[in-house]
Amino acid sequence: MMLKDIFMTLSENQVLNGAAKKYGLKMGAQHVVAGTNIEETMESIKKLNAQGISCTVDNLGEFVFEKEEALEAKAQIIAVIEAIEEHQVDAHISLKPSQLGLDIDYDFALQNLKDIIAVAKKYNTFINIDMESNKHLQPSFDILDELSKEYDQVGTVIQAYFFRAAEDIQKYKNFRLRIVKGAYKEPADVAYQTKEEIDQNYIELIEWHLLNGKFTSIATHDHNVINHIKQFIIDHNISHDKFEFQMLYGFRTDMQLQLAKEGFNFCTYVPFGKDWYGYFMRRLAERPANMNLVVKQVFNKKTNTMIGLAAGAFALGRLTKRKK
């Protein structure tokens, strides 16, 4: 748990986030981020498509508290939608309401989402609303409710560590849902805290939605979960057009290719942009074992120095706090 706390603290450090933007691909980010601009990202998507893998594209962004930044993010996302159409790639959009102004003003963020949806509808592009921390949870569902009144190609994410997840998945069973374990540090009064509890709820949610829902994106790198679900699919004669497996760009690439070769629908979550740092730290916090999947590729001397100093400062702070 201390390792998870370290990564979550690092993910929220704006100084380190700024440093990561400065160094960019020099720090090895190209192994977990598909590109720093749209053209690079389209080329990465084409390579995945050629291997039978579809993509969901995330324009990375953290700490958006100014309207100008949110408007820039909106323009970038619209440009991605237009690029998907222009390049005729198999991809859709994943976006975070906070990047579009949810921490600034709800109505402002909702209008930004509506502007994006209008373009997506023109090109018949699916939009997935990513879920974030607990403080964003209900406002994000409220936005989904509003958008779904006019647009049926919109879905969202259910995070298994939340107590309310079972209720939410039933409410939104007629939506395309990505089911994840959860990547933020949440308090014990709203979320499960142990791996065992989260894993159990995660599998139960997947099974329920496979049997009762519209379409299920099973987002995990855990081969034990994947093998369990593959057997569940056989046992219940579930059609392959009712679900897909999903993993992050740069993680367990051999398994991604293998699942696609086995005939399963497979989608890679493709983040791009210079603002990759917070995203990557949360992936490590979500499952510290993820570090083993990319550490040889991603971490070089410069990365290790930056993260090591921050982790040391965090640990020292914990020790100092205990002594008081």
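Residues numbered from 1 in each chain as written. Predicted model: local features only at pLDDT ≥ 70, side-chain atom pairs only at ≥ 80, totals over all residues. Heavy atoms only, no water.

Draft legend 1. Summary view of the sheet that holds strand 1 (residues 54-59). If you walk around this closed barrel you meet the eight strands as 1-2-3-4-5-6-7-8, and the pairing is parallel. Averaged over all pairs of adjacent strands, the angle between strand axes in this sheet comes to 30°, irrespective of strand direction. Sheet topology note: the strand 7 (residues 243-248)/strand 8 (residues 266-272) ladder contains four bridges and is parallel. Looking across to strand 8, one finds that Phe245 is bridged to Phe266. This element, helix 9 (residues 223-235), spans strand 6 (215-219) and strand 7 of the sheet and lies at about 170° to strand 7. (Pairing = 2+ DSSP bridges. Helix = DSSP H or I, 4+ residues; strand = E, 2+ residues; numbered from the N terminus. Axes fitted to C-alpha atoms, helices over the stretch in contact; angles between N-to-C directions. Contact = heavy atoms within 4.5 Å.)

Draft legend 2. The pairing of strand 2 (residues 91-95), seen in detail. The buried fraction of strand 2 is high, at five of five residues. Burial along strand 2 is two-sided: Ala91, Ile93 and Leu95 facing one way and His92 and Ser94 facing the other are all buried. Of the pairings in the sheet, the one linking strand 1 to strand 2 comprises four bridges and is parallel in character. Bridge assignment links Asp58 to a residue of strand 2, and that residue is Ser94. In this fold, the crossover linking strand 1 to strand 2 by way of helix 4 (residues 67-87) has right-handed handedness. Two strands pair when backbone bridges link them, and strand 2 and strand 3 (residues 127-129) are joined in this way by three bridges, in the parallel orientation. Bridge pairing links Leu95 to Ile129 in strand 3. Between strand 2 and its parallel partner strand 3, the chain crosses via helix 5 (residues 106-123), and the hand of that crossover is right-handed. (Buried < 20%, exposed > 50% of the residue type's maximum accessible area, 1.4 Å probe, protein only. Right-handed = clockwise from strand over helix to strand, strands pointing away.)

Draft legend 3. A look at the nonpolar core. Ile93, Leu95, Ile127 and Phe245 are the most contacted members of the largest nonpolar core, which has 79 residues in total. Contact partners of Phe245, with chain neighbours within four places excluded, come to Ile218, Ile226, Ile229, Lys230, Leu259, Phe264, Asn265, Phe266 and Cys267. In terms of nonpolar packing, the next biggest core, distinct from the first, is built from nine residues, Val32, Leu60, Phe251 and Tyr279 among them. (Core = buried A, V, L, I, M, F, W, Y, C linked by side-chain atoms within 4.5 Å.)

Draft legend 4. How the structure looks around the packing of helix 5 against helix 6 (residues 134-147). Across the interface, helix 5 lies against helix 6 with an axial gap of 11 Å and an inter-helix angle of 45°. In terms of orientation, helix 5 lies oblique with respect to helix 6. Seen from above, helix 5 lies across helix 6 with right-handed handedness. Residues Tyr106, Leu110, Leu113, Lys114 and Ile117 of helix 5 form the contact with helix 6, whose own contacting residues are Pro139, Asp142, Ile143, Glu146 and Leu147. Partitioned by chemical class, the residues of the contact of helix 5 with helix 6 number seven nonpolar, no polar and three charged. (Parallel < 35°, antiparallel > 145°, perpendicular 65-115°, else oblique. Left-handed = near helix turned anticlockwise from the far one by under 90°. Nonpolar A, V, L, I, M, F, W, Y, C, P; charged D, E, K, R; others polar.)

Draft legend 5. Examining helix 4 more closely. Taking 1.5 Å of rise per residue, the 21 residues of helix 4 would be expected to cover 30 Å, and the 30 Å separating its terminal C-alpha atoms lies within 8% of that figure. All of the buried residues in helix 4 are Ala70, Ala73, Lys74, Ile77, Ile78, Val80, Ile81, Ala83, Ile84 and His87. At its buried positions, helix 4 is contacted by helix 3 (38-49), strand 1, strand 2, helix 5, strand 3 and strand 8. Remark: Gln88 follows helix 4 within two positions and exhibits a positive phi of approximately 55°. (Expected span 1.5 Å × (residues − 1).)

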